[in-house]
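Fold and contact review
Listed here are the chains, written in short residue letters.
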Amino acid sequence: MSAAKGFTDSFANGRTAGSFAGAEATGEEPTLFRVRLAPHRSLDERGFRLVMLLVAGVSLVCGTAFLMMGAWPVFGVFGLDVLVLYIAFRMSFRSARAREEITVTPSLIEVRKIDPRGAADEARLNPLWTRLDKEFHEDYGLQRLSLTSRGAPVVVGGFLHTQQREELAEGLDRALAQAKRGVVRSQP
């Protein structure tokens, strides 16, 4: 899958479809697909502080120059720019706390969405009755991905980049196909 930060997955913990004897012996269902999705932010806290110091410094120097020329309202406008930029970055960092966790087993698909405030929303679907719907745009590729069961769609990977969404779709396609075929378990 993608090496993008926050986009990790595992297919049956490295096991193949024919080697689920350990899971069968313990009574557990094998995991066909598991992924935890998180929005990517290229700027970390250290970078944020650096950008804010740079912007504040430039605004202070330029604002002081206008203040010395007698255009004192411009000084305040430079301060407002810094404040608006700070608020925008904080909102971006807050939205980056959202998460999605998708687990596919032979009898259950669990989709758990955690919003930036920490509230969780969970959907449980039967893989035999679930289809993966893909919405493509001619110029931009895969734009929307949803798991649909009994007419109710559950949108997944909404905050992912197009290529990551396509990789997620491939993994979900494989897991759903394997769940519908049935898991081959080794005989004792």
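Quick look at the structure, then. (Residues numbered from 1 in each chain as written. Predicted model: local features only at pLDDT ≥ 70, side-chain atom pairs only at ≥ 80, totals over all residues. Heavy atoms only, no water.)

What follows deals with the side chain of R165. Along the chain, R165 turns up in helix α4 (residues 162-181). In this structure R165 is buried but unpaired, with E166 as the nearest side chain of opposite charge at 7.9 Å. Once residues lying within four places of it in the same chain are set aside, the contact partners of R165 are L142, Q143, R144, L145, G157, G158 and L160. (Helix = DSSP H or I, 4+ residues; strand = E, 2+ residues; numbered from the N terminus. Buried < 20%, exposed > 50% of the residue type's maximum accessible area, 1.4 Å probe, protein only. Lys, Arg positive; Asp, Glu negative; His and termini not counted. Salt bridge = Lys/Arg side-chain N within 4 Å of Asp/Glu carboxyl O. Contact = heavy atoms within 4.5 Å.)

Moving on: the side chain of T148. By the secondary structure assignment, T148 is in strand β7 (residues 141-149). Within polar-contact distance, the side chain of T148 engages the side chain of D133 at 2.6 Å. If we ignore the near neighbours within four places in the chain, the residues touching T148 are W129, T130, R131, D133 and P153. (Polar contact = N/O pair within 3.5 Å; in protein donor to acceptor, adjacent residues only side chain to side chain.)

Inspection of every chain in the model, using the stated rule, returns ten salt bridges. Salt-bridge contacts for R90 lead to E45; the nearest nitrogen and oxygen are separated by 3.2 Å. With R90 in helix α3 (residues 72-95) and E45 in helix α2 (residues 45-68), this pair connects stretches of sequence that are 45 residues apart. Of the residues examined, R90 reaches a relative accessible area of 30% and is grouped as partly exposed. For E45, a relative accessible area of 34% gives the class partly exposed. Among the ionic pairs, K134 bridges to D173, the shortest N-O distance being 2.6 Å. Placement of K134 in strand β6 (residues 130-137) and of D173 in helix α4 is noted, with a sequence separation of 39 residues between them. Exposure remark for K134: the relative accessible area of 36% places this residue in the partly exposed category. By sharing partners, the salt bridges in this structure join R36, E101, E110, R112, E122 and R124 into a single network.

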